[in-house]
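# Architecture and fold: a report
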Amino acid sequence: MVVMDILGELNPEQVSAVRETSGPLLILAGAGSGKTKTLTHRVANLIVNQGVDPSDILAVTFTNKAAREMRQRLGSLVGRNASDRMFMPWMGTFHGICVRLLRIEGAAIGVADNFVIYDDSDKQGLIKQAIKHLQIGDKALKPKSVSSAISNAKNSLVLPGEYAATAYGPYQTAIAKIYQQYEAMRVKAGALDFDDLLIEIVRLLKEHPTIRHKWQSKFKHILVDEYQDTNAAQYQIVKLLVNEDRNICVVGDDWQSIYSWRGADFTNILNFERDFPGTKVIKLEQNYRSTKAILEAAQNVITKNVKRTDKKLWTDGDSGLPVQVHQVYDEAEEAHTVARHIFMETETKVRDFSDYAVLYRTNAQSYTLERALLQMRLPYQIVGGVRFYDRKEIKDIIAYLRLVYQPSDRMSFSRIVNTPTRGVGATSLEKFLIWQMTSGFDIVSALINVEQTSTITKRAKTALAELGSKIRILQAMVEENKMPAEIIEKLLKITNYRDFIQDGTPQGEERDENIGSLLSDAKNFVSLTDYLEEVALMSSVDTASDDNVVTLMTLHAAKGLEFPVVFMVGVEEGILPHARVYEAGPDELEEERRLCYVGMTRARQELHMLHASSRLQFGQRSYSLPSRFLDDVAADIVPRSETSSYSPDEPSYDMVPEFDINDRVESLQFGTGQVVDVDGMAVSVKFDSGTTKKLNVEYARLQKIG
DNA sequence: CGGTTGCACTTTTTT
DNA sequence: AGTGCAACCG
């Protein structure tokens, strides 16, 4: 009976994907083929009908959000509470799972259980310090490129020694030195970067057979989603965790591999059958998401690629509207076209805001779209972009917490030592750190004992000692297992942090509100370890809400999602495909095509692709051609005149009001003020708030008043 | 020491 | 155009 429940709503291929419970299984799941559903049912079937203990199942997803969703669906499928952690399988991203394992087993390879996780900006900061320490003056060594070089090395499991041995030329030699120095400093700070989380697990499982066997026999069934986007380290982890029963099921689609730039290698999925002889292969080709028109256009785009598997997605759904291609004059018109379309349909209640997604290649493109949506008062959310936890004020608080948690974390200490300002400048900081290194104290103890050094001014000493006692107070709270939110509240209080950021400006107000959000979010956690881990591993899509708002995000962030109406903007040569791949090879161009395919297949009913003739880039206007990918889209070309025929507020010259000096004006953004200068379209206004702004009247939407 | 100003650089994509 | 960083001045 339960079997019926679990298999009832599935098509024959999906059913066999669920029933094939032993041995290696490869599921090639096309876009929209019900992959998540199949995976969830598979897990449910293992638990309910095969009697597998949930905690013996390991399910790896690409984002935390995907894990959460799966947990939810699984819960309702088997009639259990999704938040019942005791019942649930091990679910999470590779990074999340690795952190969990490291907290348990890290001691075996010398990883203390209070390690902190460095994100990309922490990593680049440390690389800068390493470069400085090594006194490498070469300007060609940008922290960013060094960072990705080190990442590539790590993801291919190349350690510093090995890298140095094979380094060729002055550039690589320099990188090798920095890599080594970076590692030394990172270990000393008690930190792991994203890549370390993976490769330390590889090391653990390789070097410690007993531990490996323990986890191999623990995980009786392993499932990996988005297998086409695994890198070398993740591949190793899978191989090391699979036991002799080889109950390994991977799901993926080489057509949707879009992360090769961060080490993902879709040959992992192509080679799966070779890696696990006797693999059963199941193809899911029936699409339940998109109309025939969208599916066909997407198929036409992707099949131009040479390196790919063969498959044919089909649907028995409607043919639907043809894909619409809009040519527009520039990025502003592009944004207005999108906003206007959404405005018309939501105003007439044809659709909800949440029916729409606007997808773009680069984050920088979101700016114009945002402004257009704001102007028409359309509610929206940006997924990714400047992440919440990347904001200065949030990073400050997190840095405090990390230092409390890991008193060797020099990066975090350097960040907060003079935040809020307490009279400790670069000179004092350097002197303090030099002394601290030789003193044998960790940073917090060194702060408390700072009077023992003679090199620092009395003023700075007092400030440092005070900071030390504050950190000590917070450490005591951690030892008493106080809740993270409580600790943050105390921290804000004793540092006066909120007064520090409230400088009377609206931005200061916004920062303070962000601190408020941080606090309410922290209330969901019961331990500082969990909280810091969540903060570090939160991905950009994880922050998406399901409120009734328009969603803006990059094509990458859209992977795995679907929307009734999708707008792809900037479908131009130089953007999609991105200009960077022109100098790269055909493989990179194929990845751009896959990216285009991923974007197109997000759409359920309507797909709009827009390209502008001109666009502002780097503050300069540049001209671009329609993307080559559009050549393969069987589409209706929407003429320009049609897209701009209904025009509630298209800026046009006869609509732009004339201004004279001394006119009283009002702006939505800046309030009321007085015109002090007029120069063609540029009008300078002294606002009543005190600030003077030079505004372009075509866009600033100034209203004459009085 | 700390704030301000000016300059250079930016744009792929993110766990 | 916006941001981050380096040099400069108070």
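Data block above holds the structure.
This report concerns the structure included in the present document. Predicted model only: the values in this text are computed from it and were never measured. (Residues numbered from 1 in each chain as written. Chains lettered and ligands numbered in written order. Predicted model: local features only at pLDDT ≥ 70, side-chain atom pairs only at ≥ 80, totals over all residues. Heavy atoms only, no water.)

## A few points about the pairing of strand β12 (residues 550-554)
The two faces of a sheet get side chains in turn, since along a regular strand they alternate between them. Worth spelling out the cut-off: Categorising residues by exposure relies on relative accessible area from a 1.4 Å probe, with only protein chains included: less than 20% of the type maximum marks a residue as buried, more than 50% marks it as exposed, and the intermediate range marks it as partly exposed. Numbering of helices and strands runs from the N terminus; a helix is a DSSP stretch of H or I covering at least four residues, while a strand is a stretch of E covering at least two. Being paired, for any two strands, means DSSP has found at least two bridges between them.
Burial within β12 is extensive, with 5 of its 5 residues counted as buried. Judged by which residues are buried, β12 turns out to be covered on both faces: Val550, Leu552 and Thr554 on one side and Thr551 and Met553 on the other are all buried. Across 4 bridges, strand β10 (residues 356-360) lies against β12 in parallel orientation. Residue pairing across strands places Tyr360 opposite Thr554, the latter belonging to β12. When strand β11 (residues 380-382) meets β12, the two strands line up parallel, connected through 3 bridges. Opposite Gln381, over in β12, you have Thr551 as the bridge partner.

## What about the protein's contact with DNA strand C?
Using the following cut-off: Throughout this document, a residue counts as near a molecule or strand when at least one of its heavy atoms sits within 4 Å of that molecule or strand. Polar contacts, as counted here, are pairs of nitrogen or oxygen atoms within 3.5 Å of one another; within protein the pair requires one atom able to donate a hydrogen and one able to accept it, and residues that are adjacent in sequence qualify only if both atoms are side-chain atoms. Polar here means any residue outside two lists: the nonpolar Ala, Val, Leu, Ile, Met, Phe, Trp, Tyr, Cys and Pro, and the charged Asp, Glu, Lys and Arg; Gly therefore counts as polar.
Around DNA strand C, the neighbouring residues are Lys128, Tyr367, Phe618 and Gly619. Take Tyr367: an N or O atom from its side chain is 3.4 Å from a phosphate oxygen of DNA strand C. Counted by class, the surface near DNA strand C contains 2 nonpolar, 1 polar and 1 charged residues.

## Points about the packing of aromatic side chains
Inclusion rule: Each Phe, Tyr or Trp ring, with Trp reduced to its six-membered ring, pairs with another whose centre is within 6.5 Å; inter-plane angles below 30 degrees give stacked pairs, above 60 give edge-to-face pairs, and intermediate values give tilted ones.
Applying the stated criterion across every chain yields a total of 15 aromatic pairs. On the basis of an interplanar angle of 50° and a centroid distance of 6.0 Å, the ring pair of Phe432 and Trp435 is categorised as tilted. Within this pair, Phe432 and its partner Trp435 are both found in helix α20 (residues 426-439), separated by 3 residues, close to a single helical turn. Of the residues examined, Phe432 reaches a relative accessible area of 0% and is grouped as buried. According to the relative accessible area criterion, Trp435 is buried, its value standing at 13%.

## Comments concerning the sheet that holds strand β3 (residues 90-92)
The following threshold applies: Note on definitions: angles span 0 to 180 degrees between N-to-C directions of axes, and those axes are lines fitted to C-alpha atoms, for helices only across the stretch in contact.
With parallel pairing, 6 strands are arranged side by side in an open sheet as β3-β2-β6-β7-β1-β8. The two strands at the open ends of the sheet, each matched to only one other strand, are β3 and β8 (280-284). Averaged over all adjacent pairs, the angle separating strand axes in this sheet is 10°, with direction ignored. Bridging between strand β2 (residues 57-60) and β3 involves 3 bridges; their strand directions are parallel.

## Observations concerning the pairing of β10
Counting buried positions over the 5 residues of β10 gives 5, a clear majority of the element. Of the two faces of β10, the one carrying Tyr356, Val358 and Tyr360 and the one carrying Ala357 and Leu359 are both buried.

## Topic: helix α7 (residues 143-155)
Where we set the bar: Multiplying 1.5 Å by the residue count of a helix minus one yields the expected span of that helix. Any two residues having at least one pair of non-hydrogen atoms within 4.5 Å are treated as being in contact.
With 13 residues, α7 extends 18 Å between its outermost C-alpha atoms, agreeing within 8% with the 18 Å of an ideal straight helix rising 1.5 Å per residue. Among the residues making up α7, those that are buried are Pro143, Val146, Ser147, Ala149, Ile150, Ser151, Ala153, Lys154 and Asn155. Buried-residue contacts for α7 involve α6 (120-134), α8 (160-166), α9 (169-188), β5 (191-193), α10 (194-207) and α12 (232-241). Leu157 sits one or two positions beyond α7 and adopts a positive phi of about 60°.

## Quick word on the environment of Glu466
By the secondary structure assignment, Glu466 is in helix α22 (residues 458-479). Taking the C-alpha atoms as reference, Glu466 lies 27 Å from Tyr389; in sequence the two are 77 residues apart.

## A few points about the packing of helix α5 (residues 94-105) against α10
This is how it is decided: Comment on the angle field: the value is read as roughly parallel under 35 degrees, roughly antiparallel over 145, roughly perpendicular from 65 to 115, and oblique elsewhere. Crossing handedness is read from the near helix: turned anticlockwise from the far helix by less than a right angle, it gives a left-handed crossing, and turned clockwise, a right-handed one.
Running from N to C, α5 and α10 cross one another at 55°; their axes reach a closest spacing of 9 Å. Between α5 and α10, the angle is such that the two are oblique. Crossing angle aside, the handedness with which α5 passes α10 is left-handed. Two secondary-structure elements touch here, α5 through Phe94, His95, Cys98, Val99, Leu101, Leu102 and Glu105 and α10 through Phe194, Leu197, Leu198, Glu200, Ile201 and Leu204. Tallied by class, residues from the contact of α5 with α10 come to 10 nonpolar, 1 polar and 2 charged.

## Observations regarding the environment of Val301
Looking at the element boundaries, Val301 is found in helix α15 (residues 292-302). On the basis of relative accessibility, which here comes to 0%, the residue Val301 falls in the buried class. Each C-alpha atom, one on Val301 and one on Asp632, is 5.3 Å from the other, the two residues being 331 residues apart in sequence.

## Things to note about the packing of α22 against helix α23 (residues 484-495)
Relative orientation of the contacting elements α22 and α23 amounts to 165°, with a least axis distance of 10 Å. By the criterion of interaxial angle, the relationship of α22 to α23 is roughly antiparallel. You can see that α22 and α23 cross each other, and the crossing is right-handed. Residues Lys470, Ile473, Leu474, Met477 and Val478 of α22 form the contact with α23, whose own contacting residues are Glu486, Ile487, Lys490, Leu491 and Ile494. For the contact of α22 with α23, the per-class residue count stands at 7 nonpolar, no polar and 3 charged.

## A short note on the pattern of salt bridges
Side-chain pairing between opposite charges can occur once the charged atoms of the two side chains come close. Note the following rule: Salt bridges are defined as contacts in which a side-chain nitrogen from Lys or Arg sits within 4 Å of a carboxyl oxygen from Asp or Glu.
Tallied over the full model, the rule gives 43 salt bridges. Between Asp122 and Lys395 there is a salt bridge; the shortest N-O distance is 3.9 Å. Taken together, the residues Asp122 in helix α6 and Lys395 in helix α18 (residues 392-405) connect sequence positions 273 residues apart. Here Asp122 falls in the buried class, since its relative accessible area comes to 8%. Classification of Lys395 by relative accessible area gives buried; the value is 12%. With its nearest N and O atoms 2.7 Å apart, the salt bridge here joins Arg361 to Glu592.

## Points about the nonpolar core
Put simply, the rule reads: Nonpolar cores are built from buried Ala, Val, Leu, Ile, Met, Phe, Trp, Tyr and Cys residues. Side-chain atoms within 4.5 Å join them into one set.
Ranked by internal contacts, the top residues of the largest apolar core, which has 71 residues, are Ile398, Leu401, Phe413, Phe432, Ile488 and Tyr531. A per-element tally of this core places α18 first, with 9 residues. Beyond its immediate chain neighbours, meaning those up to four positions away, Ile488 contacts Ile397, Leu401, Leu518, Leu519, Ala522 and Tyr531. Core analysis: the next-biggest nonpolar cluster, separate from the first, contains 43 residues, Leu204, Leu205, Leu240 and Ile248 among them.

None of the figures reported here should be taken as evidence of function without further support.
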